[in-house]
Amino acid sequence: MSEPAAPEPAPVLSTEGLSVFAGSREILRRVSLAVPEKKITAVIGPSGCGKTTLIRAMNRMVELSPELRIEGTVRYRGRDIYAPEVSPVVVRRRIGMVFQRPTVFPQSIYENVAFGLRLDREEEDAVERTVVTSLRRAGLYEEVKEDLDRPALSLSGGQQQRLCIARALAVNPSVLLLDEATASLDPIATQKIEEMLRELKGEVSIVLVTHNIAQAARTSDVTAYLHQGRLIEMGATSELFEAPREKLTEAYITGRFG
Ligand SMILES: Nc1ncnc2c1ncn2[C@@H]1O[C@H](COP(=O)(O)OP(=O)(O)OP(=O)(O)O)[C@@H](O)[C@H]1O
Ligand SMILES: [Mg+2]
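Residues numbered from 1 in each chain as written. Chains lettered and ligands numbered in written order. Predicted model: local features only at pLDDT ≥ 70, side-chain atom pairs only at ≥ 80, totals over all residues.

**What about the packing of helix α3 (residues 109–119) against helix α6 (residues 157–170)?**
Here is step 1 of the chain: At a minimum axis distance of 7 Å, the contact between α3 and α6 shows a crossing angle of 30°. Comparing their axes, α6 and α3 come out roughly parallel. When you trace α3 past α6, the crossing you get is right-handed. Counting all contacts with α3, which are made through Ile 109, Asn 112, Val 113, Phe 115, Gly 116 and Leu 117, the residues of α6 involved are Leu 163, Ala 166, Arg 167 and Ala 170. (Axes fitted to C-alpha atoms, helices over the stretch in contact; angles between N-to-C directions. Helix = DSSP H or I, 4+ residues; strand = E, 2+ residues; numbered from the N terminus. Parallel < 35°, antiparallel > 145°, perpendicular 65-115°, else oblique. Left-handed = near helix turned anticlockwise from the far one by under 90°. Contact = placed C-beta atoms within 7 Å.)

In structure tokens form, the structure reads like this:
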């Protein structure tokens, strides 16, 4: 008799039959998937297939677009994040998001990272400790430690993106959603962010939306392939890239359409 398979650990985030409508158009179609804890999950697929919409639905950002309507369920550690008693602000702190273009504020490096902590009215020495730790976790501290009062807008694009990651980490999220976070960066800045993500995944679960198939292949543990709003296939990254089960996945990863 074969050994029973080890039970799958509970996912940190999951969707069940998740649909998003813009008017009568269904831009996400009954997507059910599970994001494993403390791993990197890549979400890939052609432009317009619904990647951004999917991750915006995963932390209730999609509600900031009143023209969109949601059906189905999103659970964080088993709890429905859209339940009436759940605050979207709390959801977005547990499930942080970083966008394609760095969204730094016209303030100092320090204040950019301290932003979420100021809302908590924390003591300054606690704020300072968290700012330093978050900059370290984002792999930026060594480059900026001499002058944390410098305007954040004077940083390079890659540094600004790591600053945004530090700001997201400062409030101690369990999940970090990254939407094409390296798309506007050069290969060296991209490599730094990928290294940092690999280190971070011991502590945070990461969902990485990327156009860059090579990036998904080299950084992620699990990959989800979306096509026209549907989840076509999801599985261990090595298997999905080496032996995709679906023709659509194969066509995409071999570059037969973009
Ligand atoms: N607020 C909205 N109102 C109407 N349509 C929308 C809205 N947001 C997204 N869409 C449509 O939904 C589809 C999916 O968009 P989404 O931004 O999720 O795609 P994506 O996979 O992230 O694309 P890209 O790779 O280009 O970023 C697109 O056709 C888009 O035009
Ligand atoms: Mg997008």
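**Details of the site of ligand 1**
Here is step 1 of the chain: As a matter of local geometry, ligand 1 sits amid 14 residues, with Ala 22, Ile 27, Ser 47, Thr 52 and Thr 53 nearest to it.
Here is step 2 of the chain: Residue contributions to the shell around ligand 1 peak at 3 residues, all from helix α1 (residues 51–58).
Here is step 3 of the chain: Taken together, the residues that form the shell around ligand 1 break down as 4 nonpolar, 8 polar and 2 charged. (Near = placed C-beta within 6 Å. Nonpolar A, V, L, I, M, F, W, Y, C, P; charged D, E, K, R; others polar.)

**As for α1**
Here is step 1 of the chain: For α1, the tally of buried residues reaches 7 of 8 residues, placing the bulk of the element in the interior.
Here is step 2 of the chain: Within the span of α1, buried status applies to Lys 51, Thr 53, Leu 54, Ile 55, Arg 56, Ala 57 and Met 58.
Here is step 3 of the chain: Immediately downstream of α1, the backbone of Arg 60 shows phi near 70°, a positive value. (Buried ≥ 20, exposed ≤ 12 C-beta atoms within 10 Å, placed from the backbone.)

**Regarding helix α4 (residues 124–137)**
Here is step 1 of the chain: Between the first and last C-alpha of α4 there are 20 Å, a value that for 14 residues agrees with the 20 Å anticipated at 1.5 Å per step.
Here is step 2 of the chain: Residues Thr 130, Val 131, Ser 134 and Leu 135 constitute the buried set of α4. In a view along the axis of α4, the buried residues occupy a sector of 130°, so they form one face of it. Those residues of α4 that are exposed and angled more than 90 degrees off the buried face are Asp 125 and Ala 126.
Here is step 3 of the chain: As for α4, its buried residues are in contact with α3, α5 (141–144) and α6.
Here is step 4 of the chain: Gly 139, located one to two residues past α4, shows a positive phi value of around 70°. (Expected span 1.5 Å × (residues − 1). Arc of directions from axis to C-beta.)

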